[in-house]
Amino acid sequence: METIINREIPEFKAMAYHNGEFKSVTNADLKGKWSIFFFYPADFTFVCPTELVDMADKYEHLKSLGVEVYSVSTDTHFVHKAWHDASESIRKIKYPMLADPTGALSRAFGVMIEEEGLAYRGTFLVNPEGKIKIAEIHDNNIGRNADELVRKVEAALFVAEHPNEVCPAKWKKGGETLKPSIDLVGKI
């Protein structure tokens, strides 16, 4: 398997349901901003709404960090609107819900399940230059935790601003970091 870390995201154009409207989102819209791509299998399912609402609860904090969130499934933007209209939980979502009915975006991120026409649960953080800095893919029966994603995003933002430092295991914003050097070798 080839890694996608530090790979530039592909050119894309997708329709989205966002704040009661349909809109087009392209890779050009992401330039200069941090972005999360949050792939999930399908609307009107079971684990997916729990994850999307968990992410919705963290959305304002992520926005305050300068990070936009894009949920993505292989459903159409029309299905996203119908789910939004039908579900009290999904009405909490304020981030764009991208439609990927052809699976092109899911394939580009390596999460497409060809025989099902659905995506695995994939989470990707893209930096302002369009490069993937975090990639995590789960089997579809394993839900994700937005708190852990926020911690990882904060770490990625920190090391982007402090290139001579690294964040150790369980690092949280404001915590101790490490400055790699020959003097640190074997002393941790």
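Up top you'll find the structure we're talking about.
First, a word on scope: everything that follows refers to the structure included in this document. Residue indices follow the written sequence of each chain, beginning from 1 at its first position. Only residues with pLDDT of at least 70 get local features here, since the model is predicted, and only at 80 or more are side-chain atom pairs given and counted; chain-wide, interface and lining totals rely on the full set of residues. Computation of side-chain values: all heavy atoms of the structure, hydrogens and water removed.

## Describing the overall build of the protein
Keep this limit in mind: To qualify as a helix, a DSSP run of H or I must reach at least 4 residues; to qualify as a strand, a run of E must reach at least 2; elements of each kind are numbered from the N terminus. Both definitions apply: the radius of gyration is a C-alpha atom measure, and the globule rule equals 2.2 Å times residues to the power 0.38. Only heavy atoms enter the contact rule, under which two residues are in contact if any of them lie within 4.5 Å. Accessible areas in this description were obtained via Shrake-Rupley with a 1.4 Å probe; residue shielding takes into account the shown protein chains only. Note on charges: Lys and Arg go in the positive column, Asp and Glu in the negative column, and His and the chain ends are not counted at all. Taken as the charge centre is NZ of Lys, CZ of Arg, CG of Asp or CD of Glu, depending on the residue.
Counting its regular elements, the protein contains four helices and nine strands. The secondary structure elements of the protein, listed N-terminal to C-terminal, are β-β-β-α-β-α-β-α-β-β-β-β-α. By the compact-globule yardstick of 16 Å for 188 residues, the protein fits well, its C-alpha radius of gyration being 17 Å. Residue pairs in contact within the protein that sit at least 24 positions apart in sequence constitute 63% of those at least 6 positions apart. Surface exposure of the protein reaches about 10100 Å², of which carbon and sulfur atoms provide 53%. Each charge sign in the protein was given a centre, from 23 positive and 28 negative side chains, and these centres are 4 Å apart.

## What to know about the nonpolar core
The condition is simple: To qualify as a nonpolar core, a set must consist of buried Ala, Val, Leu, Ile, Met, Phe, Trp, Tyr and Cys residues joined through side-chain atoms within 4.5 Å. Each residue is placed in one exposure class: buried if its accessible area under a 1.4 Å probe, protein chains only, is under 20% of its type's maximum, exposed if it is over 50%, and partly exposed if it falls in between.
In terms of nonpolar packing, the biggest core is built from 25 residues, with Ile 36, Leu 52, Leu 62, Val 67 and Val 153 touching the most fellow members. Only β3 (34-39), α1 (47-64), β4 (67-73) and α4 (146-161) provide two or more residues apiece to this core. Here the element with the most residues in this core is α1; it accounts for six residues. In contact with Val 153, not counting residues within four places along its chain, are Ile 36, Leu 62, Leu 65, Val 67, Leu 125 and Ile 134. Listed in part, the 19 residues of the second largest apolar core include Val 25, Tyr 70, Leu 98 and Ala 119.

## Examining the packing of α1 against α4
Rules: Every angle, taken between N-to-C directions, lies between 0 and 180 degrees, and every axis is a line fitted to C-alpha atoms, over only the stretch in contact when it is a helix. Throughout this description, any angle smaller than 35 degrees is read as roughly parallel, any larger than 145 degrees as roughly antiparallel, any in the 65 to 115 degree range as roughly perpendicular, and the remainder as oblique. We call a crossing left-handed when the near helix sits turned anticlockwise from the far one by less than a right angle, and right-handed when that turn is clockwise. Residues are grouped as follows: nonpolar covers Ala, Val, Leu, Ile, Met, Phe, Trp, Tyr, Cys and Pro; charged covers Asp, Glu, Lys and Arg; every other residue, Gly included, is treated as polar.
The N-to-C vectors of α1 and α4 enclose an angle of 30°; their axes lie 9 Å apart at closest approach. Taken together, the axes of α1 and α4 lie roughly parallel to each other. Note on packing geometry: the crossing formed by α1 with α4 is right-handed. Between α1, through Asp 54, Met 55, Lys 58, His 61 and Leu 62, and α4, the contact on the second element is made entirely by Ala 146, Asp 147, Leu 149, Val 150, Val 153 and Glu 154. Taken together, the residues of the contact of α1 with α4 break down into six nonpolar, one polar and four charged.

## Comments concerning the sheet that holds strand β2 (residues 21-26)
Sheet strands pair via backbone hydrogen bonds, and the direction of the pair is either parallel or antiparallel. Test applied: The pairing criterion for strands is at least two bridges between them, as found by DSSP.
Taking strand neighbours across the sheet as the criterion, the seven strands line up as β2-β1-β5-β4-β3-β8-β9 in an open arrangement whose pairing is mixed. Strand pairing shows two members of the sheet lacking a second neighbour, β2 and β9 (132-138), which therefore form its edges. Across the sheet, the mean angle from the axis of one strand to that of its neighbour is 25°, orientation sign disregarded. Relative to strand β8 (residues 121-126), β3 is paired through five bridges, and the arrangement is antiparallel.

## Section: α4
Definition in use: Any helix carries an expected span of 1.5 Å times its number of residues minus one.
Over its 16 residues, α4 runs 22 Å from end to end, which matches the ideal 22 Å to within 8%, given 1.5 Å per residue. Among the residues making up α4, those that are buried are Ala 146, Leu 149, Val 150, Val 153, Glu 154, Ala 155, Ala 156, Leu 157 and Phe 158. Elements that come into contact with the buried residues of α4 comprise β3, α1, β4, β8 and β9.

## As for the layout of surface pockets
Using the following cut-off: In this analysis a 1.4 Å probe is tested at points of a 1 Å grid over the protein atoms alone, and where it fits but cannot get out there is a cavity; an open set with protein on both sides within 12 Å along at least five of seven lines is a pocket; lining residues have an atom within 4 Å of a point. Grid points are joined across faces, edges and corners, and a volume is the space filled by probe spheres set on the points.
Within this model, the largest pocket holds a volume of roughly 230 Å³. Lining the largest pocket we find Met 1, Glu 2, Thr 3, Ile 4, Ile 5, Phe 109, Gly 110, Ala 135 and Ile 137.

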